[in-house]
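Coordinate analysis (summary)
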Amino acid sequence: METPVYPAQNYLSNGHGLKSWLLTKDHKRIAILYLISISAFFFLGGLFAVGIRLELTTPQGDLFQPDTYNKFFTLHGVIMVFFFLIPSVPAVLGNFLIPPMVGAKDLAFPRINLLSWYIYVVGGIFTLFAIVAGGVDTGWTFYTPYSAASSSTNVVPTALGVFISGFSSILTGLNFIVTIHRMRAPGLHWFKLPLFVWAHYATSLIQVLGTPVVAITIVMVFAERAFGFGIFDPQRGGDPVLFQHLFWFYSHPAVYIMILPALGVISEIVSTFSRKRIFGYSFVAFSSLAIAVFGFIVWAHHMFVSGITVYAAMVFSFLSFSVAIPSAVKVFNWSATLHRGSLSFEAPMLYVYGFFGLFLIGGLTGLFLATLGTDVHLHDTYFVVAHFHYIMVGGAIMGYLGGIHFWWPKMVGRMYSEFWSRISAILVFVGFNLTFFPQFVLGYMGMPRRYHMYPDEFQVLNVLSSGGAAVLGLGYILPVLYLLYSLKYGEVAGNNPWGASGLEWRTQSPPLTENFLEVPTDIPEAYEYTPKVIREAKLV
Amino acid sequence: MSSVHVSPLSTYLSIFAALMVLSAITVGAAFVNLGAFNPIVAMAIAGLKATLVILYFMHVKYSSRLTKLTVVLSLFFVAILFAETLMDYATRGWLNYTPMGQ
């Protein structure tokens, strides 16, 4: 086999200097801009997590004042949810990969794509301003009446930041929907599309349909604070619970904005490293749409103890169980794909194996919380904190990191250290479980979330959790180091280092600005892992 | 774009006039005591106005079936928001509940 050569002409070399990046309309460069910005926010959000875990190593509140602690967990949540998790997979991997996966040169609206990044940055600046100006203490959920009437912290700039960044999310979703509908290569019909594209299509629907609701809800909080509208104020005929209905109508589906694209990543990696077509392709494809739709009808399971009626709670509890069905379809189908596959254990796949365990625990503990009786006991305890971290970190971030490792050779044209990447995947898995599994136990024992002090008997589990967070932090820092190192010193990857099927692997690594020299015409079936295809792919 | 529908100016003016008339009716209806029907009438008029805007000003009447489907689906999701929220509010009187201390 020939030694691959790093191509002189590629999207990274097409234009130099800051201006060429800040004015780019190339979807791949915009993906890199997002990668840099969301990574910065990830580590900022991580710093607040460090503060939280340090405070909780001792039962006494001896590091921060209670108010400061409130600001720490609020900013950790706001930054991680709105400025890292929601844009993570779609804005970085989706932006980079959807055009080549559908055989297109770019997204449908390249200028709008760049605009969405600028809007994201402006939203981020508002939030950073809120941090510098003294922080905000409402929790990432901005619950009324506290956020509307009582909090004297920077609610308005933070809420405005979230409001503005929402438009970035809407525009990205819109761009993906139009691209997937209108820009597929000739012969690339819907059931030949990679499941990554299906997952992003479902995600985009949520972004376009759900985000305006939270945006207008945030405007209502603003109107309440600034003009005393009274929408959420019982003294004026309003209702604070209405805020929760409107907020969770978006924010529950928002969990699926975070997790669905990661599920798409998992499908790609599983089939590549087991050398098999995804078992039950169409079921996995439609399960993404089902998750998107079911995600919209279950929101009030966040509100079982908020004062909604028991009748509504019963219906929402029943509906919440329905989300388990399409989620399970995916997990069972991936397992069936692995069965008798030609499995291997490269770093992307290690992240996927980790994902399976964490997503399974996260999903199943969701059923505890969807059950009315147990939720009354577990609501607002560390059990909930552990549950959503298993989904949002164990699921979404494992998928994101797996995807970054899988497509890094395509993005930059060079390989990273296989040894260190495996170490990192193992550290993340071990560190994550050590951090969050004790929190299930703490929650079950009754430790409430969002307090900076706790009874002495909870200390051992909290120290375990903080120790795990240190391991997890190391697992997250390592990839930054070896991925940056690979930019200059990594081996040249070649066009298709994993021998994967899929149109994006037919492009050179890193791709040309136009992705393809000619519009691809001989479109293969999705995940066509016949020996011939593998042999040819390796030879490319 | 393959074809763009161009409506005559008179259509826009007629719709604008209809919207103004409906706004006047909304204001007028606010002064008539219809009991529980006041908000229903107001919402019905608002819905009619929104329909006119979507069909004529936003050109959905002349758009492809995919566009029409998109509009209908969006309304379906709004209907979910309203229906499931009302599931809570409409059943609040069902419980014979006495707040503590009363």
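Fair warning: this is a prediction, and the values are worked out from it, not measured in the lab.

Observations regarding the overall build of chain A
- Looking only at helices and strands, chain A features 17 helices and 0 strands.
- Over its C-alpha trace chain A gives a radius of gyration of 23 Å, about what one expects of a compact globule, namely 24 Å for 540 residues.
- Projected onto the principal axes, the alpha-carbon positions of chain A cover approximately 70 × 45 × 45 Å.
- Within chain A, buried positions represent 54% of all 540 residues.
- In chain A, the proportion of contacts linking residues at least 24 apart, taken out of those at least 6 apart, comes to 85%.

Topic: the overall build of chain B
- A tally of helices and strands in chain B yields 3 helices and 0 strands.
- Secondary structure of chain B in N-to-C order comes out as α-α-α.
- Whereas a compact globule of 102 residues would reach a radius of gyration of roughly 13 Å, chain B reaches 20 Å, over 25% beyond that.
- Each principal axis of the C-alpha distribution contributes one length, and for chain B these read about 70 × 35 × 15 Å.
- Of all 102 residues assigned to chain B, the portion counted as buried reaches 3%.

Description of the interface of chain A and chain B
- In this assembly, 12 residues from chain A lie in contact with 12 residues from chain B.
- Elements supplying a minimum of two residues to the side of chain A that touches chain B: helix H7 (195–227), helix H8 (240–274) and helix H10 (310–322) of chain A.
- Ranked by residue count, the leading element in the side of chain A that touches chain B is H10(A), at 3 residues.

Some words on unusual backbone geometry
Residues and elements named next belong to chain A.
- Between Thr144 and Pro145 the backbone carries a cis peptide bond, its omega angle lying at 0 degrees.
- Relative to the assigned elements, Pro145 resides in the loop between helix H4 (110–132) and helix H5 (146–150).
- Across the junction of Ser509 and Pro510, the peptide omega takes the value -10 degrees, indicating a cis bond.
- Within the secondary structure, Pro510 sits in the loop between helix H16 (459–489) and helix H17 (531–539).
- At Arg275, a position not held by glycine, the phi torsion is positive, near 55 degrees.
- On the secondary structure map, Arg275 appears in the loop between H8 and helix H9 (281–294).
- Classification of Arg275 as buried rests on a count of 20 C-beta atoms within 10 Å.

A look at the domain arrangement of chain B
Residues and elements named next belong to chain B.
- Entries for chain B in the domain assignment read domain 1 (7–62) and domain 2 (63–94).
- For domain 1 versus domain 2, the separation of C-alpha centres amounts to 20 Å.
- Contacts between the two partners involve 4 residues from domain 1 and, on the opposite side, 4 residues from domain 2.
- Its residues placed into classes, the side of domain 1 that touches domain 2 shows 3 nonpolar, 1 polar and no charged.

A few points about the packing of helix H2 (residues 27–55) of chain A against helix H3 (residues 66–101) of chain A
Residues and elements named next belong to chain A.
- Between H2 and H3, whose axes approach to 8 Å, the crossing angle comes to 155 degrees. It follows that H2 is roughly antiparallel to H3 by the angle criterion. Between H2 and H3 lies a crossing of left-handed hand.
- In the contact of H2 with H3, the residues fall into 24 nonpolar, 6 polar and 2 charged.

Things to note about the environment of Asp26(A)
Residues and elements named next belong to chain A.
- With respect to the secondary-structure elements, Asp26 resides in the loop between helix H1 (18–22) and H2.
- Here the alpha-carbon distance between Asp26 and Asp380, two residues 354 residues apart in the chain, equals 44 Å.
- Contact partners of Asp26, with chain neighbours within four places excluded, come to Tyr11, Asp106 and Thr513.

Notes on the packing of helix H12 (residues 347–370) of chain A against helix H15 (residues 418–445) of chain A
Residue and element names in this part refer to chain A.
- It is at 8 Å that the axes of H12 and H15 come closest, and there the two elements cross at 10 degrees. Our classification of the angle between H12 and H15 gives roughly parallel. Judged by the sense of rotation from one axis to the other, the crossing of H12 with H15 is left-handed. Contacts between H12 and H15 involve Ala347, Leu350, Tyr351, Gly354, Leu358 and Thr365 on the former and, on the latter, Glu418, Ser421, Arg422, Ala425, Ile426, Val428, Phe429, Phe432 and Phe440.
- Of the residues that constitute the contact of H12 with H15, the class distribution is 10 nonpolar, 3 polar and 2 charged.

So, the nonpolar core
- One finds Val197(A), Met258(A), Ile259(A), Leu260(A), Ile266(A) and Ala396(A) to be the most contacted residues of the largest nonpolar core, which totals 161 residues.
- Setting aside residues no more than four positions away along its own chain, Val197(A) makes contact with Ile98(A), Met101(A), Val102(A) and Ile180(A).

What to know about helix H11 (residues 324–338) of chain A
Residue and element names in this part refer to chain A.
- The end-to-end C-alpha distance of H11 is 21 Å, a good match for the 21 Å that 15 residues give at a rise of 1.5 Å each.
- Buried positions along H11 lie against H8, H9 and H12.
- One or two positions beyond H11, positive phi appears at Arg340, with a value near 60 degrees.

Here's the deal with the environment of Met80(A)
All names here are of chain A.
- The residue Met80 is located in helix H3 in this model.
- Residue Met80 is classed as buried on the basis of its C-beta count, with 25 C-beta atoms lying within 10 Å.
- Placed 17 residues apart in sequence, Met80 and Leu97 show a C-alpha to C-alpha distance of 23 Å.
- If we ignore the near neighbours within four places in the chain, the residues touching Met80 are Gly45 and Leu85.

The rules behind the values
Residues numbered from 1 in each chain as written. Chains lettered and ligands numbered in written order. Predicted model: local features only at pLDDT ≥ 70, side-chain atom pairs only at ≥ 80, totals over all residues. Helix = DSSP H or I, 4+ residues; strand = E, 2+ residues; numbered from the N terminus. Rg over C-alpha atoms; globule rule 2.2 N^0.38 Å. Buried ≥ 20, exposed ≤ 12 C-beta atoms within 10 Å, placed from the backbone. Contact = placed C-beta atoms within 7 Å. Domains from an automatic or database assignment. Nonpolar A, V, L, I, M, F, W, Y, C, P; charged D, E, K, R; others polar. Axes fitted to C-alpha atoms, helices over the stretch in contact; angles between N-to-C directions. Parallel < 35°, antiparallel > 145°, perpendicular 65-115°, else oblique. Left-handed = near helix turned anticlockwise from the far one by under 90°. Core = buried A, V, L, I, M, F, W, Y, C linked by C-beta atoms within 7 Å. Expected span 1.5 Å × (residues − 1).

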